Amino acid sequence: MTDTDTDTDTDTCNVLLLNLDVNGEQHEVITEPRRTLVDVLRHDLRLTGTHVGCEHGICGACTVLVDDRPVRACLMFAAQAEGARIRTVESLSDGPELSDLQRAFSDHHGLQCGFCTPGFLMLAEGFLAERPEATKDEIREVVASNLCRCTGYQTIVEAIDGCAVARRCPKEC
């Protein structure tokens, strides 16, 4: 047996078969234990709406929902997500129709270049599910955890607040 044979055997042993529930669909993925959730989502499942920014959990561009809670997908191993419900930005809309939150971002000009937008959308979706009565100050505090270099945050806060108000009062109040 050569060193090359040993390396091949070791590589075969260092893969996992994961069953991931992503956006309500079951996926079987063969991956290395060291791969992050964001890499598996983007490269294996081709869900490219989740962006890779800093790869250190600081910017929030990779935010997804795991069991309804916002998580930085660059800081989570894909193997850690097995058995959990994962939602990406692709889950927000139903076909070509934008979700209420996506429409609010558009209506309030809560995006410019769009790179950070998927992370903000998923952060907001998780936050509003937990705190539907959130105040603008609470929203402002939550969005401060993600980075945007274009909008100055005010329009993002307005978009999330506008969506929250509309969800609380679906018909004209």
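See the structure shown above.
Everything numeric in this text was worked out from a predicted model, so none of it was measured.

Trainee: Is there a simple way to think about the sheet that holds strand β2 (residues 25–31) in this case?
Mentor: Pairing between the strands of a sheet comes from backbone hydrogen bonds, and it takes one of two forms, parallel or antiparallel. Pairing is mixed in the open sheet, where 5 strands are placed in the order β2-β1-β5-β3-β4. Single-partner strands in this sheet number two, and they are β2 and β4 (69–72). Each adjacent strand pair in this sheet contributes to an overall mean axis angle of 40°, direction not counted. In this structure, strand β3 (residues 63–66) lies alongside β4, joined through 4 bridges in antiparallel fashion. Looking across to β4, one finds that Leu65 is bridged to Pro70. The sheet contacts of helix α4 (residues 117–130) involve β3, β4 and β5 (85–87), and relative to β3 the element is tilted by about 35°.

Trainee: Help me understand the packing of α4 against helix α5 (residues 136–143), please; the structure alone is not making it clear to me.
Mentor: Working note: a packed helix pair is described by the angle between its axes plus the distance between those axes. The contact between α4 and α5 brings their axes to 11 Å, and the two run at 135°. Here α5 runs oblique to α4, going by the angle between their axes. Pair α4 / α5 crosses with right-handed handedness. Seen from α4, the contacting residues are Phe120, Leu123 and Phe127; seen from α5, they are Glu138, Ile139, Val142 and Val143. When the residues that make up the contact of α4 with α5 are grouped by side-chain class, the tally is 6 nonpolar, no polar and 1 charged.

Trainee: Please clarify how the nonpolar core should be interpreted in this entry.
Mentor: Side chains of nonpolar character tend, in soluble globular proteins, to be buried together. In this structure, Phe105, Phe120, Ile139, Val143, Ile156 and Ile160 are the most contacted members of the largest nonpolar core, which totals 23 residues. Elements with a contribution of two residues or more to this core: α3 (100–107), α4, α5 and α6 (154–168). Ignoring sequence-local partners within four residues, the contact set of Ile160 consists of Phe105, Ala124, Leu128, Ile139 and Val143. Counting residues in each nonpolar core, the second largest holds 20 residues, with Leu41, Cys62, Cys74 and Ile86 among its members.

Trainee: Looking at this model, I keep getting lost on the state of the cysteines. Mind explaining?
Mentor: Formally, a disulfide is one covalent bond, and it connects the sulfur atom of one cysteine to the sulfur atom of another. By the definition in use, this model includes 0 disulfides. The closest cysteine sulfur to the non-disulfide-bonded Cys74 is located on Cys62, 3.6 Å from its own sulfur. Not part of a disulfide, Cys116 finds its nearest cysteine sulfur in Cys148, a span of 3.7 Å.

Reading the values: the criteria
Residues numbered from 1 in each chain as written. Predicted model: local features only at pLDDT ≥ 70, side-chain atom pairs only at ≥ 80, totals over all residues. Heavy atoms only, no water. Pairing = 2+ DSSP bridges. Helix = DSSP H or I, 4+ residues; strand = E, 2+ residues; numbered from the N terminus. Axes fitted to C-alpha atoms, helices over the stretch in contact; angles between N-to-C directions. Contact = heavy atoms within 4.5 Å. Parallel < 35°, antiparallel > 145°, perpendicular 65-115°, else oblique. Left-handed = near helix turned anticlockwise from the far one by under 90°. Nonpolar A, V, L, I, M, F, W, Y, C, P; charged D, E, K, R; others polar. Core = buried A, V, L, I, M, F, W, Y, C linked by side-chain atoms within 4.5 Å. Buried < 20%, exposed > 50% of the residue type's maximum accessible area, 1.4 Å probe, protein only. Disulfide = S-S within 2.5 Å.

That's the geometry; what it means functionally is another story.
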